[in-house]
Amino acid sequence: MQHNDLLIRFWGVRGSFPVPGPGTVKYGGNTSCIEIRNKKHVLILDAGTGIIPLGEKVLNERTNSNGEVLPITVLLSHTHHDHIQGLPFFKPAYHKNYAMYVFGPELLGRDIETSLIHAMEPEYCPVKLQDLSAEKLIRNFKIDEKLVIRNSTYHPQLFKKETVVDDVDPGDMVITSFKSLSHPTDGVYIYKIKANGKTIVYSTDIEGVPGGDEQVIQFAKGADILIHDAQYLADEYSDPIASKKGYGHSTLEMACEVANKADVNKLVLYHHDPSHDDSEMDKIEEQARNLFSDVCAGREGMEIWL
Ligand SMILES: [Zn+2]
Ligand SMILES: [Zn+2]
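Criteria and cut-off values
Residues numbered from 1 in each chain as written. Chains lettered and ligands numbered in written order. Predicted model: local features only at pLDDT ≥ 70, side-chain atom pairs only at ≥ 80, totals over all residues. Helix = DSSP H or I, 4+ residues; strand = E, 2+ residues; numbered from the N terminus. Rg over C-alpha atoms; globule rule 2.2 N^0.38 Å. Buried ≥ 20, exposed ≤ 12 C-beta atoms within 10 Å, placed from the backbone. Contact = placed C-beta atoms within 7 Å. Pairing = 2+ DSSP bridges. Axes fitted to C-alpha atoms, helices over the stretch in contact; angles between N-to-C directions. Core = buried A, V, L, I, M, F, W, Y, C linked by C-beta atoms within 7 Å.

### Thoughts on the overall build of the chain
- Along the backbone of the chain there are seven helices and 15 strands.
- Relative to the globule expectation of 19 Å for 306 residues, the C-alpha radius of gyration of the chain, 18 Å, shows essentially globular dimensions.
- On the principal axes, the C-alpha backbone points of the chain span a range of 55 × 45 × 35 Å.
- In the chain, which comprises 306 residues, the proportion classed as buried is 48%.
- Considering only contacts in the chain between residues 6 or more positions apart, those separated by 24 or more positions represent 67%.

### A closer look at the sheet that holds strand β15 (residues 303-305)
- Read from one edge of the open sheet, seven strands run β6-β5-β4-β3-β2-β1-β15, paired in mixed fashion. The sheet terminates laterally at β6 (135-140) and β15, the two strands that pair on one side only. The sheet shows a mean angle of 20° between the axes of neighbouring strands, direction not considered.
- Pairing of strand β5 (residues 98-104) with β6, which is carried by six bridges, proceeds in the parallel orientation. In the strand pairing of β6, F103 is matched with R139.
- Those strands touched by helix α3 (residues 112-119) are β5 and β6, and its axis lies near 115° from that of β6.

### As for helix α6 (residues 252-262)
- With eight of eleven residues buried, α6 is to be regarded as a mostly interior element.
- The set of residues buried in α6 consists of L252, M254, A255, C256, E257, V258, A259 and A262.
- At its buried positions, α6 is contacted by α4 (214-220), β12 (225-229), β13 (266-270), α7 (278-289) and β14 (295-297).
- Backbone geometry just downstream of α6 places D263 in the positive-phi region, at approximately 55°.

### Description of the sheet that holds strand β9 (residues 173-180)
- Overall, mixed pairing links the eight strands, which are arranged β8-β7-β9-β10-β11-β12-β13-β14 in an open sheet. Unpaired on one side and paired on the other, β8 (157-160) and β14 mark the two borders of the sheet. Within the sheet, the average angular offset between the axes of one strand and its neighbour, ignoring direction, is 20°.
- Each of β12, β13 and β14 touches α6; the most contacted strand, β12, lies at about 155° to it.
- On the sheet, α7 packs against β13 and β14 and is oriented at approximately 165° with respect to β14.

### Some points on the nonpolar core
- One finds I44, L226, L267 and L269 to be the most contacted residues of the largest nonpolar core, which totals 78 residues.
- Broken down by element, this core gets its largest block of residues, seven residues, from α6.

Right, dumping it as structure tokens:
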């Protein structure tokens, strides 16, 4: 990897629940997980079932680390099952060669660590959070903070947003967020990752509004890549019998409208509905191309280099 390279790799693009099977081999059936790599760090957006094969790959590529403990940062948008389900099965979390940093929002008055402890109580999960034996730090990410992940430093560091941080190298990652209340029940965090002069916005589990969500449009203004929820077709969203309004997800039209108004370079449709098989996803991608020039539907295994 070149010093300036920034890689985005998709490991899970599905919303709500995993859908393995012959109908989803092209786009994939795993739930939300994206890997972002710069020179030293592995940043993982959400821990849906896609994080499980990612864990295998991380272990394979780093077996010869000469005893050096390697850092992995997991950033959670929220704690619905499809965004945390893979965490107990992420093998590096049990390995002494890795250090895990997990950041996510406080939702419903519970800090992120408490929410994860609850999700892994014995009634629901064979292992407890404390059984993840890698060195780990789990902390709330607040909207008035920024997370700096430097190539020169081992630990990711949180600062107040307004703090001027010295010695941030262009290759380091700087992450900011805002909370959208458009997802039940207590909202979701939307993240912006800047590195190498490039900007990636991760906007999943968000429901658009007519005219485009102004908060997201401003946050994503001029981004190189916008990864945006596009779970529904317009007729599914407004189905008179089984309307999806209020479920906290967008249509592909909503995602394209935000991409157009925010003037982003590339839009990746994300959080695909489990009922949309590969042929349906092909049609969705085609339909979106009429609405935004550089758009694709996220696929497992897809890589974008910046
Ligand atoms: Zn979701
Ligand atoms: Zn959700």
